[in-house]
Number of protein chains: 2
Amino acid sequence: MLKNLVAQRVNPDVPSALSGLFVNDPDPHAISFAAGSPNERLFPVKEMQRAFNTAIEQQGAHLFQYQSMQGNLNLREKLVARIQKWGHVTTTADNVLVTVGGQQAIELVAKALLDPGDEMVVEVPTYVGALAAFDLYQPTYYSVDLQADGLDLDELEDTLKRHPGIKLLYTVPDYHNPTGITMSVAKRQALVTLANRYDFIILEDSPYRDLGYANLPLPAIKSFDTQDRVIFVSSLSKILMPALRTGWLVADGPILDAILKVRLASDLEANGVIHAAIANYMEENDLDQHVNVLKDHYRQQCTAMVAALENDFPEEVSFTRPKGGFFDWVTLPEELDAAALLSQQVIPQAHINYVPGTNFYPGRDVHNSLRLCFSGLSPAEISAGMGRLGEQVKAAVREVRPVL
Amino acid sequence: MLKNLVAQRVNPDVPSALSGLFVNDPDPHAISFAAGSPNERLFPVKEMQRAFNTAIEQQGAHLFQYQSMQGNLNLREKLVARIQKWGHVTTTADNVLVTVGGQQAIELVAKALLDPGDEMVVEVPTYVGALAAFDLYQPTYYSVDLQADGLDLDELEDTLKRHPGIKLLYTVPDYHNPTGITMSVAKRQALVTLANRYDFIILEDSPYRDLGYANLPLPAIKSFDTQDRVIFVSSLSKILMPALRTGWLVADGPILDAILKVRLASDLEANGVIHAAIANYMEENDLDQHVNVLKDHYRQQCTAMVAALENDFPEEVSFTRPKGGFFDWVTLPEELDAAALLSQQVIPQAHINYVPGTNFYPGRDVHNSLRLCFSGLSPAEISAGMGRLGEQVKAAVREVRPVL
């Protein structure tokens with residue numbers, strides 16, 4: 001049995017938290033709130049093509065040679081300036097590692113830090129891709145609830161007191177995937193204080209931080225770091241294009257050393273051709289201006305989504321009111337199972353798609369929530385789709401909570 | 001102490017097998033036989049630029065969206081046709097995974113298969129990057145010697161009998177890095193028979209298979225696979241360009257399933273923009289013809305290197321006579337330490353660089369060998385450099401083996 005030769009971490013009987021998230025519905029009227037992809041109609045294609053050509057013409061053959069494990073220096077310097085300006089993080093290009101998307105950054109941190117059984121905290125619900133990355137390093141998870149202003153720090157401190165071995169906390173502080181929640185500045189500061197007191201590392205994953213529709217970005221958790229124990233991760237997938245596969249992290253000291261060692265052994269280096277093109281793009285164009293264009297579009301979509309939730313959904317259903325990012329999180333009455341509702345009623349009867357919430361919990365033990373993504377749809381499509389979804393949800397709620 | 005929060009696998013006190021391989025010598029007359037990079041003067045830059053532009057113009061914004069975990073289908077089909085033609089491997093695009101260089105393919109296999117302490121076999125010496133990838137999954141290594149026609153299969157079978165838990169064997173059968181040795185067809189077949197009998201998996205890493213200077217490529221070990229237990233890995237880094245960061249693997253059944261699960265969690269997918277460009281390049285150009293151009297150049301370099309070893313080195317020194325690839329392996333008398341010789345005499349006195357052999361052994365316990373790479377130098381540079389290196393080696397040999 002070849003299956004027996006597979007590593008225990010793979011656990012072939014349990015599918016990846018990332019698999020089976022998206023059900024394909026070929027109906028021509030189908031509307032999908034599932035995939036968290038950015039809107040490709042907003043991609044700066046012409047500008048990026050020019051940037052590729054400039055890179056090739058300026059550097060010639062050398063552009064295609066082995067380059068740098070940490071990534072193109074010019075790009076790293078631009079990322080340093082960006083996170084200084086928008087996140088109040090003071091760092092240097094030497095502390096930046098350019099990765100294959102934010103996903104690889106999370107994976108490298110997991111690989112650098114987690115031995116089997118090591119204890120870590122995640123907020124719940126949490127980003128499903130991070131769970132997929134962590135799962136393969138076999139940690140022991142502790143879940144801490146999210147409040148409207150981010151992690152419940154009292155619950156976190158209780159957990160830390162009961163489990164003093166906890167070494168890592170993973171959080172998405174800005175326009176969180178899947179809930180859209182943002183952590184307050186006060187909590188960011190307090191979280192670093194807890195990390196110092198209870199000796200753990202914070203993995204701050206912030207791919208949506210630029211996409212706030214009401215406010216400018218908040219200072220990163222990393223900006224409050226006093227002991228080199230915060231790892232900041234972001235990505236260009238959401239504000240530029242995902243197929244560039246370009247994320248990045250900022251880390252310091254022995255944590256950075258461990259990550260770099262792990263990176264070198266993982267894939268030697270990321271794509272120098274792409275890095276040079278992105279650096280040229282950022283030279284020749286104003287990325288902030290592009291981000292403003294994105295925000296103008298996504299803001300309307302976000303507004304349409306929240307309006308529909310307020311108008312078309314029964315009061316037994318609760319939902320978040322995101323001020324940025326791509327996602328809204330909907331909680332149904334406890335008796336309802338969002339996955340069963342999707343496959344048995346919502347897809348066949350309304351041709352609407354969403355992501356059931358179960359895989360966003362490390363224990364996969366919560367079944368009455370779902371993630372809605374508005375990034376790929378026009379406000380009109382959102383209103384139409386949410387109307388159809390609302391009807392299905394109403395009918396399902398009425399079955400378990402009849403109005404007498 | 002943050003260092004204590006790092007995973008045990010990272011072992012911060014031991015540098016990566018990949019680090020410190022290349023010593024920088026700023027002397028204008030320095031000649032380096034160290035880095036194993038392909039010759040960038042031979043890169044098809046114009047053709048690749050055209051292929052990028054075609055990809056962008058044909059696919060527009062969609063090219064930059066999230067795409068496919070396994071990689072561009074068109075590219076995978078072309079790779080399938082290539083390994084059928086040149087390696088006699090019959091497979092399908094569904095069995096191909098496009099990776100971030102061959103290095104990521106090795107890393108994914110290690111991650112999918114190795115629990116701490118799992119037993120595996122490597123030929124010695126072996127590719128240092130593979131050791132760096134394996135090291136982080138904490139296997140127990142057994143070393144088997146290389147003969148002129150590849151792995152010593154008698155020694156291998158002895159090892160398998162003594163350690164029946166061995167689950168993985170790693171080999172570079174074609175123009176091996178670092179020795180240039182190629183495994184005979186008979187041994188390829190016999191190795192698969194052993195894998196079936198002793199129930200282990202073969203990781204066949206073959207980035208140099210197209211670069212034979214005397215012969216056409218041999219059938220891959222994978223072509224003899226009868227039980228889905230051979231994983232074939234190759235790369236476009238050596239026959240096209242390294243900064244494309246594009247490698248690939250072929251696997252089947254539960255092994256493939258495990259690798260795909262691990263890949264999804266590692267970085268979601270590789271670079272769809274690059275994949276489309278490479279597929280276009282292969283559509284619009286004859287890659288085999290480009291490979292022939294490369295072979296015409298590298299053949300002369302290889303010949304110059306072997307001639308210099310025959311003419312300029314003392315008879316106490318032995319060396320391989322590669323018929324392909326980039327490397328030659330030199331063994332000094334046992335009393336000599338190649339790293340000390342390099343730093344104390346060869347660099348300061350002759351401004352010649354090579355890679356000391358120690359890191360190519362999992363135990364790092366062999367010190368009298370060194371790797372020479374000829375891919376980046378002209379035949380004239382090779383002759384001049386080898387003359388200078390030969391003098392240093394002669395002097396060192398005479399010290400430990402005086403002619404009386």
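Residues numbered from 1 in each chain as written. Chains lettered and ligands numbered in written order. Predicted model: local features only at pLDDT ≥ 70, side-chain atom pairs only at ≥ 80, totals over all residues. Heavy atoms only, no water.

Which parts of the structure should I look at to understand the overall build of chain A?
Of regular secondary structure, chain A possesses 11 helices and 14 strands. In terms of overall size, chain A behaves like a compact globule, its C-alpha atoms giving a radius of gyration of 21 Å where 404 residues would be expected to give roughly 22 Å. In terms of its C-alpha atoms, chain A occupies a principal-axis envelope of roughly 70 × 55 × 55 Å. When each of the 404 residues of chain A is scored for burial, the buried share is 65%. A fraction of 75% describes how many contacts in chain A between residues 6 or more apart in sequence connect residues 24 or more apart. Split by element, the accessible area of chain A, about 14100 Å² in all, is 50% carbon and sulfur. Computing the positive centroid from 33 side-chain charges and the negative centroid from 49, chain A places the two 2 Å apart. (Helix = DSSP H or I, 4+ residues; strand = E, 2+ residues; numbered from the N terminus. Rg over C-alpha atoms; globule rule 2.2 N^0.38 Å. Buried < 20%, exposed > 50% of the residue type's maximum accessible area, 1.4 Å probe, protein only. Contact = heavy atoms within 4.5 Å. Areas by Shrake-Rupley, 256 points an atom, 1.4 Å probe, with all protein chains shown as cover. Lys, Arg positive; Asp, Glu negative; His and termini not counted. Charge placed at Lys NZ, Arg CZ, Asp CG, Glu CD.)

In this structure, what is going on with the sheet that holds strand β11 (residues 327-331) of chain B? I would like to understand it.
Two pairing modes exist for strands in a sheet, parallel and antiparallel, and in both the strands are linked by backbone hydrogen bonds. Residue and element names in this part refer to chain B. An order of β10-β11-β14-β13 is seen for the four strands of this open sheet, with the pairing classed as antiparallel. Each edge of the open sheet carries a strand with a single partner, namely β10 (318-319) and β13 (355-356). Relative to β11, helix α9 (residues 287-312) is tilted by about 15°, and along the sheet it contacts β10, β11 and β14 (369-373). (Pairing = 2+ DSSP bridges. Axes fitted to C-alpha atoms, helices over the stretch in contact; angles between N-to-C directions.)

Explain the environment of Pro242 of chain A to me, please; I cannot follow it from the model alone.
Its location among the elements puts Pro242 of chain A in the loop between β8 (230-235) and β9 (247-250). Residue Pro242 of chain A is classed as buried on the basis of its relative accessible area of 0%. In this structure, the C-alpha to C-alpha distance between Pro242 of chain A and Gly376 of chain A, residues 134 residues apart in sequence, is 14 Å. Here Pro242 of chain A is in contact with Pro38, Phe43 and Ser237 of chain A together with Phe64, Gln65 and Tyr66 of chain B, once residues within four sequence places are set aside.

Looking at this structure, I do not really get the domain arrangement of chain A. What am I missing?
Interface extent is often summarised as the accessible area lost during association of the parts. Residue and element names in this part refer to chain A. Domain assignment breaks chain A into domain 1 (2-43 + 289-400) and domain 2 (45-284). One C-alpha centre belongs to domain 1, the other to domain 2; they are set 24 Å apart. Three residues, Arg9, Phe43 and Pro362, lead the burial of domain 1 against domain 2; their summed loss comes to 21% of the area buried on that side. On the surface where domain 1 and domain 2 come into contact, there are one salt bridge. When the shortest N-O distance is used, the salt bridge between Asp135 and Arg364 registers 3.9 Å. Taken together, the connections running from domain 1 to domain 2 amount to 10 residue pairs in polar contact (both at pLDDT 80 or more). When contributions to the side of domain 1 that touches domain 2 are tallied by element, the ones reaching two or more residues are α9 (287-312) and β11 (327-331). Broken down by element, the residue count for the side of domain 1 that touches domain 2 peaks at seven residues, all from α9. Taken together, the residues that form the side of domain 1 that touches domain 2 break down as 18 nonpolar, eight polar and seven charged. (Domains from an automatic or database assignment. Buried area = accessible area lost by both parts, 1.4 Å probe. Salt bridge = Lys/Arg side-chain N within 4 Å of Asp/Glu carboxyl O. Polar contact = N/O pair within 3.5 Å; in protein donor to acceptor, adjacent residues only side chain to side chain. Nonpolar A, V, L, I, M, F, W, Y, C, P; charged D, E, K, R; others polar.)

What is the right way to look at the UniProt feature "domain: Aminotransferase class I/classII large" (unreviewed entry) in chain A in this model?
UniProt marks residues 42-387 of chain A with the feature "domain: Aminotransferase class I/classII large" (unreviewed entry), using the numbering shown here. Along residues 42-387 of chain A the backbone is 44% helical and 16% strand, and the end-to-end C-alpha distance reaches 26 Å. (UniProt positions renumbered as here; feature names shortened; annotations may be inferred.)

Just to check I follow, could you spell out the side chain of His176 of chain B for this structure?
Residues and elements named next belong to chain B. When you line up the elements, His176 lands in the loop between β6 (168-171) and α6 (185-198). His176 sits in the buried class, given a relative accessible area of 0%. If sequence neighbours within four positions are ignored, His176 has contacts with Glu123, Pro125, Thr126, Leu146, Ile181 and Phe327.

Just checking my understanding: could you explain the relation of the copies chain B and chain A for this structure?
Superposition of the two copies of the chain requires a rotation about an axis and a shift along the axis. The two copies are related by a screw operation: chain B maps onto chain A through 180° of rotation and 0.0 Å of translation along the axis, at an RMSD of 0.0 Å. Both chain copies can therefore be described as sitting about a two-fold axis. A share of 100% of interface residues in chain B that are also interface residues in chain A marks the association as one of identical surfaces. (Least-squares fit on C-alpha atoms with pLDDT ≥ 70 in both.)

Looking at this structure, I do not really get the interface of chain B and chain A. What am I missing?
The interface of chain B with chain A comprises 77 residues on the first partner and 77 residues on the second. Between chain B and chain A lies a buried interface of about 6500 Å² when both sides are counted; carbon and sulfur atoms form 61% of it. In terms of surface lost to chain A, no three residues of chain B exceed Leu5, Phe64 and Lys261 of chain B, which account for 12% of the buried area on that side. Linking chain B to chain A there are two salt bridges. When the shortest N-O distance is used, the salt bridge between Lys111 of chain B and Glu107 of chain A registers 2.6 Å.

What is the right way to look at the pattern of salt bridges in this model?
It is possible for side chains bearing opposite charge to pair when their charged atoms get close. Residue and element names in this part refer to chain A. The full count for this structure, using the stated rule, is 40 salt bridges over all chains. In this structure, Asp13 and Lys3 form a salt bridge, with 3.3 Å as the shortest nitrogen-oxygen distance. Residue Asp13 is located in the segment before β1 (31-32), and its partner Lys3 is located in the segment before β1; the two are separated by 10 residues in the primary sequence. Residue classification places Asp13 among the exposed positions, given a relative accessible area of 62%.

Hey, could you run me through helix α5 (residues 153-162) of chain B in this one?
Since the α-helix advances by 3.6 residues per turn, residues separated by three or four positions end up pointing in the same direction. Residue and element names in this part refer to chain B. Here α5 has its buried residues at Leu153, Leu156, Glu157, Thr159 and Leu160. Angularly, the buried residues of α5 cover 160° about the axis, an arc narrow enough to put them on a single face. Away from its buried face by more than 90 degrees, α5 exposes Asp154, Lys161 and Arg162. Those residues of α5 hidden inside the fold are in contact with β3 (119-124), β4 (140-147), β5 (150-151), β6 and α6. Capping the start of α5 is the job of one residue whose side-chain oxygen sits 3.1 Å from the backbone nitrogen of Asp154: Asp152. (Arc of directions from axis to C-beta.)

Looking at this model, I keep getting lost on the packing of helix α7 (residues 253-267) of chain A against helix α3 (residues 101-113) of chain B. Mind explaining?
For any two helices packed against each other, one specifies the inter-axial angle together with the distance between the axes. Where α7 of chain A meets α3 of chain B, the axes come as close as 5 Å, and the angle between the chain directions of the two elements is 105°. Judged by the angle between their axes, α7 of chain A and α3 of chain B are roughly perpendicular. On α3 of chain B, the residues that touch Leu264, Ala265, Ser266 and Asp267 of chain A of α7 of chain A are Gln103, Gln104 and Glu107 of chain B. A breakdown of the residues in the contact of α7 of chain A with α3 of chain B according to their chemical character gives two nonpolar, three polar and two charged. (Parallel < 35°, antiparallel > 145°, perpendicular 65-115°, else oblique.)

Is there a simple way to explain α3 of chain B in this structure?
For α3 of chain B, with 13 residues, the first-to-last C-alpha span of 19 Å sits near the 18 Å given by 1.5 Å per residue. Counting buried positions along α3 of chain B yields 13 of 13 residues, so the element is predominantly enclosed. (Expected span 1.5 Å × (residues − 1).)

Where do I start with the nonpolar core in this structure?
If you look at soluble globular proteins, the nonpolar side chains tend to sit buried side by side. Within the largest apolar cluster, 154 residues are counted, with the highest numbers of intra-cluster contacts made by Phe64 of chain A together with Phe64 of chain B. Apart from residues no more than four positions distant in its own chain, Phe64 of chain B is found in contact with Phe43, Val45, Met48, Phe52, Met241, Pro242, Ala243 and Leu244 of chain A together with Ile56 and Val273 of chain B. Core analysis: the next-biggest nonpolar cluster, separate from the first, contains 106 residues, Leu108 and Leu168 of chain A together with Val6 and Leu108 of chain B among them. (Core = buried A, V, L, I, M, F, W, Y, C linked by side-chain atoms within 4.5 Å.)

What is the right way to look at the packing of aromatic side chains in this model?
Counting across every chain of the model gives 17 aromatic pairs over all chains. Between Trp329 of chain B and Phe360 of chain B, the ring centres sit 5.6 Å apart and the planes meet at 75°, which makes this aromatic pair edge-to-face. Here Trp329 of chain B, found in strand β11, pairs with Phe360 of chain B, found in the loop between β13 and β14; they are 31 residues apart in sequence, far enough to count as distant. Classification of Trp329 of chain B as buried rests on a relative accessible area of 5%. Among the aromatic residues, ring-to-ring pairing joins Tyr208, Tyr298, Phe326 and Phe327 of chain A into one connected group. (Phe/Tyr/Trp six-rings, centres within 6.5 Å; stacked < 30°, edge-to-face > 60°.)

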